[in-house]
Amino acid sequence: MDKDNVLELRRQSTVFDDPLTQLLREGARKLLQQAVEVELQSVLASYQDELDKCGKARVVRNGYHPEREIQTGIGPVSVKVPKVRARSGRPVTFHSALVPPYVRKAKSLEAALPWLYLKGVSSGEMEEALKVLVGPEATGLSASTVSRLKKEWKGQYEEWRQSPLDKDEWVYIWADGIYSGLRAEDVKLCTLVVVGVNVLGQKKFLAIEDGVRESTQSWREVLAKLKKRGMNAPKLAIGDGAMGFWAALDEVFSQTRHQRCWVHKTNNIVGYLPKSVQDKARAAVKDIWMAPTKAEAETAFDLFVEQFEGKYPRAVECLLKDQHDLLTFYDFPQMHWQSIRTSNPIESTFATIRHRTKRSKGCLSREGMLNMMFKLSQCAQSRWRKLRGFADLGKVITGINFKDGIEQPQPDKKAA
């Protein structure tokens, strides 16, 4: 175990103010509860050969102790410790190594809970993470319990990535590559993530897959797997300028339209400019994507070119090369614009991962990173609201036309 990582997290535990802290707390609660249940199963398994006079198991579970809260650096984490009873013979008591009796506050938890997400789900390091979690009391945590936990989490991820997608009609998808700091030899690894929204407005993670950079081949494999799982061709895909995704999309879902992320594009543009003019450029770019109509957006495009082309041609080129795909959102319901102009559903969810992995380089395996991202994604997904204006998603699926976000009259079939 890397003590420096834990000490660093001790110092930072009071400043983790990001939106995912609450999600981490909820995830930690589920993690603890699941670990305690696995502990119990190990205890019951040790008595499985002991039967009472009726041939039934002599030792059985017997409800729970009252729920307890353990105060930590990221807030209270509650857990219910199960009880056991013996039908006959000598009494049996279950004591959790993870949650010893009477513990209300654990300094080790303060450092370990955020770190457990980053390092603990790694297949080779769970035991060390749990020792940090409970301190010396973890001596009673058996290797079989740790092994069973790792197997369960890995199994949950594997089952999820094979689950069918044909029960829903998928309208929009967001795609992004999340770079975690992990490396394979000289190649920087990234996780390819896809989020979709169905016709009911429910946003769900569809793919969290390992990739080498954001190559066309890596994205092709991700999208092909989604298609094999039954996903229909979405009406619109939202992502940054990584060419690998768009080339793969055209191969696998050729009818899906493109919308480039305005947040990524803005950051790319100002990267070509000196700091003295970056704020002015950001405001000019915002005038484009905030324009109420496509015509006004094109006028704002022309104004940006006029202002910056002379001194900063590379910034202008960066904007103009994706002009068509940056304005696709005008052909979709206005209520959806806030959501489909950027890849924010992915960016906001994994922003904390980027922050925390900077402190944990070298501690995570590829498998551990994927499992951790999966765990965090499911926790975040459970709190997502339906897409704003979801009632219009059915219209998008059926092919109703929108101009500048407004539904257009349908042709009179009888007259035709």
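Residues numbered from 1 in each chain as written. Predicted model: local features only at pLDDT ≥ 70, side-chain atom pairs only at ≥ 80, totals over all residues. Heavy atoms only, no water.

1. Quick notes on the overall build of the protein
- If you tally the helices and strands in the protein, you get 16 helices and 11 strands.
- Here the protein, with 416 residues, has 50% of them falling under the buried criterion.
- Taking contacts inside the protein between residues at least 6 apart in sequence as the whole, the part at least 24 apart equals 68%. (Helix = DSSP H or I, 4+ residues; strand = E, 2+ residues; numbered from the N terminus. Buried < 20%, exposed > 50% of the residue type's maximum accessible area, 1.4 Å probe, protein only. Contact = heavy atoms within 4.5 Å.)

2. Quick notes on the nonpolar core
- Core analysis: the largest hydrophobic core is formed by 53 residues, its most contacted members being Y172, W174, W262, I288, F304, L319 and I340.
- The biggest single contributor to this core is helix α10 (residues 294-308), with 6 residues.
- Residue contacts for I288: discarding those within four places in its chain leaves W262, A297, A300, F301, L319, L327 and Y330.
- Grouped together as the second largest cluster of nonpolar side chains are 21 residues, W170, A207, V222 and A237 included. (Core = buried A, V, L, I, M, F, W, Y, C linked by side-chain atoms within 4.5 Å.)

3. Side note on the environment of A284
- Here A284 is to be found in helix α9 (residues 275-289).
- Through-space distance from the C-alpha of A284 to that of Q307 is 9.2 Å; in sequence the pair is 23 residues apart.

4. Remarks on the confidence of the model for the protein
- Averaged over every residue, the pLDDT of the protein is 79; the share at 70 or more is 72%.
- In the predicted structure, residues 132-141 sits below a pLDDT of 50 and forms 26 contacts with residues beyond four places in sequence or in another chain. (pLDDT = per-residue confidence, 0-100.)

5. Topic: the environment of E209
- Structurally, E209 can be placed in strand β7 (residues 203-212).
- Separated by 13 residues in sequence, E209 and V222 have C-alpha atoms that sit 7.1 Å apart.
- Those residues in contact with E209, other than ones at most four positions away along the chain, are Y157, R161, C190, T191, L192, V222, K225 and L370.

6. Here's the deal with the environment of A97
- Relative to the helices and strands, A97 resides in the loop between β4 (82-86) and α3 (107-120).
- Distance from A97 to A35, taken between C-alpha atoms, is 9.9 Å for residues 62 residues apart in sequence.

7. A look at helix α11 (residues 313-320)
- When α11 is considered as a whole, its buried residues turn out to be A315, V316, C318 and L319. Down the axis, α11 shows its buried residues gathered within 155° of arc, on one side only. Those residues of α11 that are exposed and aimed more than 90 degrees away from the buried face are R314 and E317.
- If you follow the buried residues of α11, they end up packed against α8 (262-270), α9, α10 and α12 (323-326). (Arc of directions from axis to C-beta.)

8. Section: the pattern of salt bridges
- If you walk through the whole model with that rule in mind, you get 13 salt bridges.
- A salt bridge links D325 to R260, with the shortest nitrogen-to-oxygen separation between them at 4.0 Å. Residue D325 is found in helix α12, and its partner R260 is found in strand β9 (residues 257-260); the two are separated by 65 residues along the sequence.
- You can call D325 buried: its relative accessible area is 16%.
- Counted as one network, the salt bridges with shared partners bring together E158, R161, E209 and K225. (Salt bridge = Lys/Arg side-chain N within 4 Å of Asp/Glu carboxyl O.)

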